[in-house]
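Coordinates in review
Take a look at the letters that make up each chain.
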Amino acid sequence: MVMRPHLPLSRTVATVGLAALVVTGTVMTAHAAEAQYALRAGWPVQTDLGSARPMNVPIEGTTASTGWSKASSPVLADLDRNGTREVIIGSLDGRVYVYDEAGRPLWNRYADAYSTPAGPINGSVAVGDLDGDGRPEVVAGSDNGWVFAWHGDGSMVAGWPQFTGWNADYPYKCATNACTGVVAAPTVADLDGDGKAEVIVGSYSHKMFVWKGDGTVRPGWPRDVWDGIASGAAIGDVNGDAVPEIIVGSDVESDCASCQPYGKLTRGGLVHAFDLAGNELPGWPFATDSFMSSSPVVADLDGDGRGEIVVGGGYFPSDTTTRGHHLWVIGGNGQLRWSFATRGVLLSSPAVGDLTGDGRPEIAIADSTCLNGACAGGVVYLLSPSGGLLWWSDGKTTRAPAGSGAYFSGPVLADVTGDGRPDVVAADANWHVKAWDVNGQLLSDTGTTFALFGSPAVGDLDGNGTNEIVTGSAVGNGSGSSPESLGGAGRVYAWNTPGRGGLAFPQYQSRVSAPGVAAPPPACTSATGPVNDLPMVQRGSSWFGRAGYTNGAADACGTFGAVGDLGVTGDWDGNGTQTLGLFRPSNGTWYLRNASGGGSGDVAPIGFASPGDLPVAGDWNGDRTDEIGVFRPSTGTWYLRSSTGEVTAVRFGSPGDLPVVGDWNGDGRDTPGVFRSGTWYLIDAPSSSATVRTVGFASAGDLPVVGDWDHNSTDTFGVFRAGTWFLTNSDGSGPISTFAFGRAGDVPVTGRW
């Protein structure tokens, strides 16, 4: 394949008038004096340009020395399990850098593969547990065609690195064409539920690989897709078979009458859907009109329990004014559900998450200028799950009156304002990081010293309950005519924000969460026996239960409620068995069920809540019967309702906290707790003055669960992480049970069934 054109850079990018924006909707402008976040102590950090090697693989014709983290978006992860999060990022100098929360360098490693020197790291790194020891590894691909895996301490994982091979241009055309190279971000996900993640990534070798954690190739792989791959893979169940599929984009450089194994192809791109054995699903691939730089996201947009594929496009060497200007939403059968036309080229990845609190996800995207300057970009859009435009913004602020110029990376969704609700956060080529609320109000604008091509990442670095924004850039102290030579030393920023939680899609790696193993077998029963605190997941209006703490499919299933309802469980009639309950945010009403399995509510509906409240249930007085309650994030107040309708108010928590309920001391009464970015805060009495106990277990972004796992009459902790459960029987002791059940997007619940 021909070398992919790289992206132009200028300090100011021209914009077009509003009449040229061929969409309708609300255009959002900024208020005066948008917030500008303060740098975190110890940041920014800067790479040593003097020690950087010249780029082994030329970009824009230059082999300059640069530490610019160009398209490598930062990843925030707790590598050493000490309760704080490290920042991991790749660089054009061929190294992966790891910093602690204070900006102190922990290690960096060149992506050298035996006799092959490191090439630039253009894609984002991925983080996941490859060997099942409970500690994550770091995975990165290099332009030299190799994929690497390091332990959290920087030592190489046994069996790595691995080479992605050459395409048909090797060896005679490699001076002008890309014969190999990994520019896409790897995906790390546990595909088979064995507790060990696989590595999924494509290459300019035209091959798609799936390796096991030990570096051995999974059967059925690699898969040749005819042309180069610059798109990262997404994982999810798109056809309803309860098994995850692998979704990825690839390029088609020119028309081809017989492109094996696909037959006739038209220039543009393809979106593929593979099963775990490497077979393309029926009805696939889906043809697009451009190269595929965008990485897909799998999300259930319509609440039917099946994931749709949401993906943009990329630049194409010709017809840039028309090609690549669409967001595509594709069904599991490979048929287009809907598309959305953007003003500029949509080469970045979408972010998908529930911003409005209605239980359905919105889609945030951001476009770029045309390669030849024939169209303007730099617009952020928020779409409804059915493709309606909610708002758009060109990013003009008091500090950036020319607007955003271009977005070469996708937005992320996380709270940076302190209300606990996700905001849209994006980094632009005009050197700024900006944030919008759910209504499109431009809230903050924070500047840097060089162009931002990667997505920002948002999370709580130090465990203090508030979010930071992290992004990679450069100092701008280089020399030359290309962006790469101008960049000079690399620079990574971290800013403090008042945000708390709201981590709906907080970093680029959000789209590659492990799916776990899936839902129910066709003949699952409707109920299980009355044993303590077993796992269950809610998926829209469907519920799936597992009779044990082991990998597997559902042993029980049923339907109850509607899409957007929030599920709880409780022993509503005091018979010793917990059953289902629902809170419907749209009308503030509770629907409870005393019978096992699915069906409809058989207890009179209860109106109890206000907009924005989160449901809880527990035995507040020790009478062995559970009652309802709500946690109001806006004020940090709990309202606990008794069987007679009396309400006890307890002030405990902050916006962005997730409420949890348990019998923390074994006295037979349930009391409140909150989960905040990996830390649990618990009280043993329903009083605002009660003593607070703090427990560190899990990470920001996890969903908390509570249960009496060892049947000793005292509740302890667990989390659900995109299909994987981690349970513990004591404070901060680490998981005593780890198993896969459910998938990303499910809502976990537990109960005595």
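This text follows the structure it describes.
Reference entry: report on the structure contained in this document. (Residues numbered from 1 in each chain as written. Predicted model: local features only at pLDDT ≥ 70, side-chain atom pairs only at ≥ 80, totals over all residues. Heavy atoms only, no water.)

**A look at the nonpolar core**
We count it as follows: Side-chain atoms within 4.5 Å are what join buried Ala, Val, Leu, Ile, Met, Phe, Trp, Tyr and Cys residues into a set we call a nonpolar core. Each residue's exposure class comes from its accessible area (1.4 Å probe, protein chains only) as a fraction of the maximum for that residue type: buried when under 20%, exposed when over 50%, partly exposed otherwise. The helix and strand labels rest on DSSP assignments: H or I over at least four residues marks a helix, E over at least two residues marks a strand, and numbering proceeds from the N terminus. In what follows, residue pairs with any heavy atoms lying within 4.5 Å of each other are defined as contacts.
Counting residues in each nonpolar core, the largest one holds 31 residues, and the members touching the most others are Leu 327, Ile 363, Leu 383 and Val 424. Elements supplying a minimum of two residues to this core: strand S22 (297-299), strand S24 (326-330), strand S25 (336-341), strand S26 (351-353), strand S27 (362-366), strand S28 (380-383), strand S29 (389-393) and strand S31 (423-427). Setting aside its immediate chain neighbours within four residues, Val 424 contacts Leu 355, Ala 364, Val 380, Leu 382, Trp 391, Pro 411, Val 412, Leu 413, Lys 434, Ala 435 and Trp 436. Grouped together as the second largest cluster of nonpolar side chains are 20 residues, Ala 189, Leu 191, Val 225 and Cys 256 included.

**A short note on the side chain of Asp 613**
Our working definition: The term polar contact refers here to a pair of N or O atoms within 3.5 Å; inside protein, the definition further demands a hydrogen-donor-capable atom paired with an acceptor-capable atom, and it admits residues adjacent in sequence only when both atoms are side-chain atoms.
Position of Asp 613 among the secondary structure elements: in the loop between strand S43 (606-607) and strand S44 (614-618). Among the polar contacts listed, one links the side chain of Asp 613 to the side chain of Arg 632, at a separation of 2.8 Å. Not counting chain neighbours up to four residues away, the residues in contact with Asp 613 comprise Phe 583, Val 630, Phe 631, Arg 632 and Pro 633.

**Regarding the sheet that holds strand S42 (residues 589-592)**
Backbone hydrogen bonds hold the strands of a sheet together, and the pairing may be parallel or antiparallel. Rules: The rule for pairing is simple: two strands pair if DSSP sees at least two bridges between them.
Spatial ordering of the open sheet is given by S40-S41-S42-S43, a layout of 4 strands whose pairing is antiparallel. What marks the edges here is a single partner per strand, and that holds for strand S40 (566-570) and S43. Here S42 pairs with S43 via 2 bridges, running antiparallel. Along S43, the bridge assignment pairs Trp 590 with Ile 606.

**Some words on the packing of aromatic side chains**
Stated formally: For this analysis, a ring pair means two rings from Phe, Tyr or Trp (six-membered ring only for Trp) whose centres lie within 6.5 Å, classed as stacked if their planes differ by under 30 degrees, edge-to-face if by over 60, and tilted for the remaining angles. Criterion for a charge above a ring: Arg CZ or Lys NZ at most 6 Å from the ring centre, at most 35 degrees from the ring normal.
Per the counting criterion, the structure on display carries 29 aromatic pairs. Seen in terms of ring centroids, Trp 107 and Trp 150 are 6.2 Å apart; in terms of plane orientation they differ by 50 degrees. Their pairing is tilted. Taken together, the residues Trp 107 in strand S7 (residues 105-110) and Trp 150 in strand S10 (residues 146-150) connect sequence positions 43 residues apart. Judged by centre distance (5.4 Å) and plane angle (50 degrees), the rings of Phe 583 and Trp 590 are tilted. Comparing Phe 583 with Trp 590 shows no difference in burial state: the two are buried. Joined through ring pairs, the aromatic side chains of Trp 68, Phe 408, Trp 431, Phe 450 and Phe 453 make up one cluster. The aromatic ring of Tyr 110 is capped on one face by Arg 53, whose charged end is 3.7 Å from the ring centroid.

**Comments concerning the environment of Pro 219**
You can see Pro 219 is positioned in the loop between strand S14 (207-211) and strand S15 (223-224). Here Pro 219 falls in the exposed class, since its relative accessible area comes to 61%. Put simply, Pro 219 and Gly 165 are 54 residues apart on the chain and 17 Å apart in space, counted from C-alpha to C-alpha. When near neighbours in sequence (up to four residues on either side) are disregarded, Pro 219 contacts Leu 276 and Ala 277.

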